[in-house]
Amino acid sequence: MRPPHTHEEVSTVFEEGQLYSTVSTDADGQVQVHLGEDHPGFTDPAYRARRGDIAAAALAHRPGQPVPTIDYTEQEHEIWRLVSAELAPKHERYAHSEFLAAKAVLDLPTDHVPQLHEVTERLLPLTGWSYTAAPGLVPLREFYADLGARTFNSTQYLRHPSQPLYTPEPDIIHEVIGHANQLASPRFAAIVEAAGRASERLETDEAMQFVADVFWFSIEFGVIAEGGVTKAYGAGILSSYGEMDEFGHMDIRPLDLGQMGTLNYDITAYQPILFRAEGLAHLEDVVGHFFATVDDDLAAGLRAQASAHV
């Protein structure tokens, strides 16, 4: 169960490599989502109310219960249709073949926003993964513990209709088009599960954050060489219309766990530094092995080595 949200949580939160608008519950039980002033929906009361309703459904959800079903509007379905259509040709151009094969097998609907139980029904027979609902930010250790149990915490809201190809925070398009397609690959799914299971071994917050940052530069924003070309496999790239056009022009470095676990980054901008695996086996050997074996001492040692080279 997620810890209860209070009315005091009113600022936009930047934690754990994810930017989410804070969710709070008023004294009268009304759930509110506190959008930042630069959010496209900040001045739209109908959108704010909609976000509050969807967050309330996730907050009311308890383990063992069916995942909340959201009655999506035609406007929300149209956003999903538009983004699905715009991302598809970019995936064919920029995505690694393992992602493309997994996407084809998962075969997400493109004509409507899928319910999370629909995503689970498609994923479960492929890789054993399921989806559950989250109102926004999930505590770091809880998020990773769920990954270790092959459960992905997903938001259910959609971005503001005024900017359908942009979102300042992860929405269901990112969580499902980015991550579910990735999790439909047994090889990518195994790496994500290993990252989750690492949380069971780690005692220090510093080690847990180190793992989360390596996850950011791999599962979220990872790139990989294929046929002499740099392709994307990270969900943050492959769910972003703009990021796919930009990632090839960035500072692309070899995999370096020390740098990946300590490098500062700004989630609000295109990622200027990316780390490339030289093949899927290389990604498994370096990042997958790290997630599968990391403990507090290894994380501390890698952090110290990275600091010594600064």
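These numbers were taken from a predicted model, which means no experiment stands behind them. (Residues numbered from 1 in each chain as written. Predicted model: local features only at pLDDT ≥ 70, side-chain atom pairs only at ≥ 80, totals over all residues. Heavy atoms only, no water.)

So what's going on with the layout of surface pockets? Which residues, and what values?
In this structure, the largest pocket spans a volume of roughly 470 Å³. As for the largest pocket, its lining consists of 23 residues, and the residues nearest its centre are Thr167, Gly236, Ser240, Glu243 and Ile267. Of all the secondary structure elements, the ones that give two or more residues to the lining of the largest pocket are strand 2 (18–20), helix 8 (205–220) and helix 10 (241–246). With 3 residues, helix 10 is the single largest residue contributor to the lining of the largest pocket. Here the residues of the lining of the largest pocket are counted per class, giving 11 nonpolar, 8 polar and 4 charged. (1 Å grid on protein atoms, 1.4 Å probe; cavity = no way out; pocket = protein on both sides within 12 Å on 5 of 7 lines; lining within 4 Å. Points joined across faces, edges and corners; volume = space filled by probe spheres on them. Helix = DSSP H or I, 4+ residues; strand = E, 2+ residues; numbered from the N terminus. Nonpolar A, V, L, I, M, F, W, Y, C, P; charged D, E, K, R; others polar.)

Any chance you could break down the sheet that holds strand 9 (residues 251–254) for me, citing the residues and the numbers?
Ordered by their spatial adjacency, 4 strands build an open sheet running 8-7-10-9, and the pairing between neighbours is mixed. The strands lining the two open edges of the sheet, one partner per strand, are strand 8 (229–232) and strand 9. The average angle at which neighbouring strand axes cross in this sheet is 40 degrees, direction not considered. With 4 bridges joining them, strand 9 and strand 10 (residues 273–277) adopt parallel strand pairing. Paired with Pro254 across the strands is Arg276, a residue of strand 10. (Pairing = 2+ DSSP bridges. Axes fitted to C-alpha atoms, helices over the stretch in contact; angles between N-to-C directions.)

Give a description of the environment of Tyr131 that names residues and reports values.
Position of Tyr131 among the secondary structure elements: in strand 5 (residues 130–133). Looking at Tyr131, the relative accessible area reads 3%, which means it is buried. Sequence-wise, Tyr131 and Glu121 are 10 residues apart; in three dimensions their C-alpha atoms are separated by 9.3 Å. Ignoring anything within four residues of it in the chain, the contact list for Tyr131 reads Val67, Leu116, Val119, Thr120, Leu123, Phe152, Ser154, Glu175, Val176, His179, Ala180 and Leu183. Within the local environment of Tyr131, its side chain forms a polar contact with the backbone oxygen of Glu175, the two atoms lying 2.6 Å apart. (Buried < 20%, exposed > 50% of the residue type's maximum accessible area, 1.4 Å probe, protein only. Contact = heavy atoms within 4.5 Å. Polar contact = N/O pair within 3.5 Å; in protein donor to acceptor, adjacent residues only side chain to side chain.)

Tell me about the packing of aromatic side chains, and name the residues and values.
Per the counting criterion, the structure on display carries 13 aromatic pairs. Each ring, one from Tyr144 and one from Phe215, has its centre 5.4 Å from the other, and the planes form 80 degrees; the classification is edge-to-face. Of this pair, Tyr144 sits in helix 5 (residues 140–148) while Phe215 sits in helix 8, and the two are 71 residues apart along the sequence. When sorted by exposure, Tyr144 lands in the same class as Phe215, which is buried. Through a chain of ring-to-ring contacts, three or more aromatic side chains come together here, namely Tyr131, Phe143, Tyr144, Phe152, Phe210, Phe215, Phe290 and Phe291. Over the ring of Tyr157 we find Arg51; its NZ or CZ atom is 3.5 Å from the centre of that ring. (Phe/Tyr/Trp six-rings, centres within 6.5 Å; stacked < 30°, edge-to-face > 60°. Lys NZ or Arg CZ within 6 Å of the ring centre and 35° of its normal.)

Lay out helix 7 (residues 186–201) with the relevant residues and their values.
Here helix 7 is 16 residues long and its end C-alpha atoms lie 23 Å apart, about the 22 Å a rise of 1.5 Å per residue gives. Listing the buried residues of helix 7 in full gives Phe188, Ala189, Ile191, Val192, Glu193, Ala194, Ala195, Gly196, Ala198 and Ser199. On the buried face of helix 7, the contacting elements are helix 3 (97–106), helix 4 (116–127), helix 5, helix 6 (172–183), helix 8 and helix 12 (280–293). (Expected span 1.5 Å × (residues − 1).)

Describe the nonpolar core, naming the residues involved and giving the relevant values.
For soluble globular proteins, the rule of thumb is that nonpolar side chains tend to be buried together. If you look at the biggest cluster of nonpolar residues, it comprises 82 residues, and the most contacted ones within it are Leu123, Tyr131, Tyr144, Val176, Phe290 and Phe291. Looking at which element gives the most residues to this core, the answer is helix 8, with 10 residues. Val23, Val31, Val33 and Tyr47 belong to the second largest nonpolar core, which has 7 residues in total. (Core = buried A, V, L, I, M, F, W, Y, C linked by side-chain atoms within 4.5 Å.)

Lay out the side chain of Ser218 with the relevant residues and their values.
Following the sequence through the fold, Ser218 ends up in helix 8. Owing to a relative accessible area of 0%, Ser218 belongs among the buried residues under this scheme. Once residues lying within four places of it in the same chain are set aside, the contact partners of Ser218 are Tyr233, Gly234, Met260, Val287 and Phe291.

How would you explain the packing of helix 5 against helix 8 if you had to name every residue and give the values?
The interhelical angle for the contact between helix 5 and helix 8, taken along N-to-C directions, is 60 degrees, at an axis separation of 11 Å. Between helix 5 and helix 8, the crossing angle belongs to the class labelled oblique. With respect to the hand of their crossing, helix 5 and helix 8 are arranged in left-handed fashion. Between helix 5 and helix 8, the residues in contact are Leu140, Arg141, Tyr144 and Leu147 and Asp205, Met208, Gln209, Val211, Ala212 and Phe215, respectively. The residue makeup of the contact of helix 5 with helix 8, split by class, is 7 nonpolar, 1 polar and 2 charged. (Parallel < 35°, antiparallel > 145°, perpendicular 65-115°, else oblique. Left-handed = near helix turned anticlockwise from the far one by under 90°.)

Can you tell me about unusual backbone geometry, naming the residues and giving the values?
Non-glycine residue Asp107 carries a positive phi angle of around 55 degrees. Examined against the element boundaries, Asp107 turns out to sit in the loop between helix 3 and helix 4. Positioned with a positive phi, Arg150 is a non-glycine residue whose angle comes to about 60 degrees.

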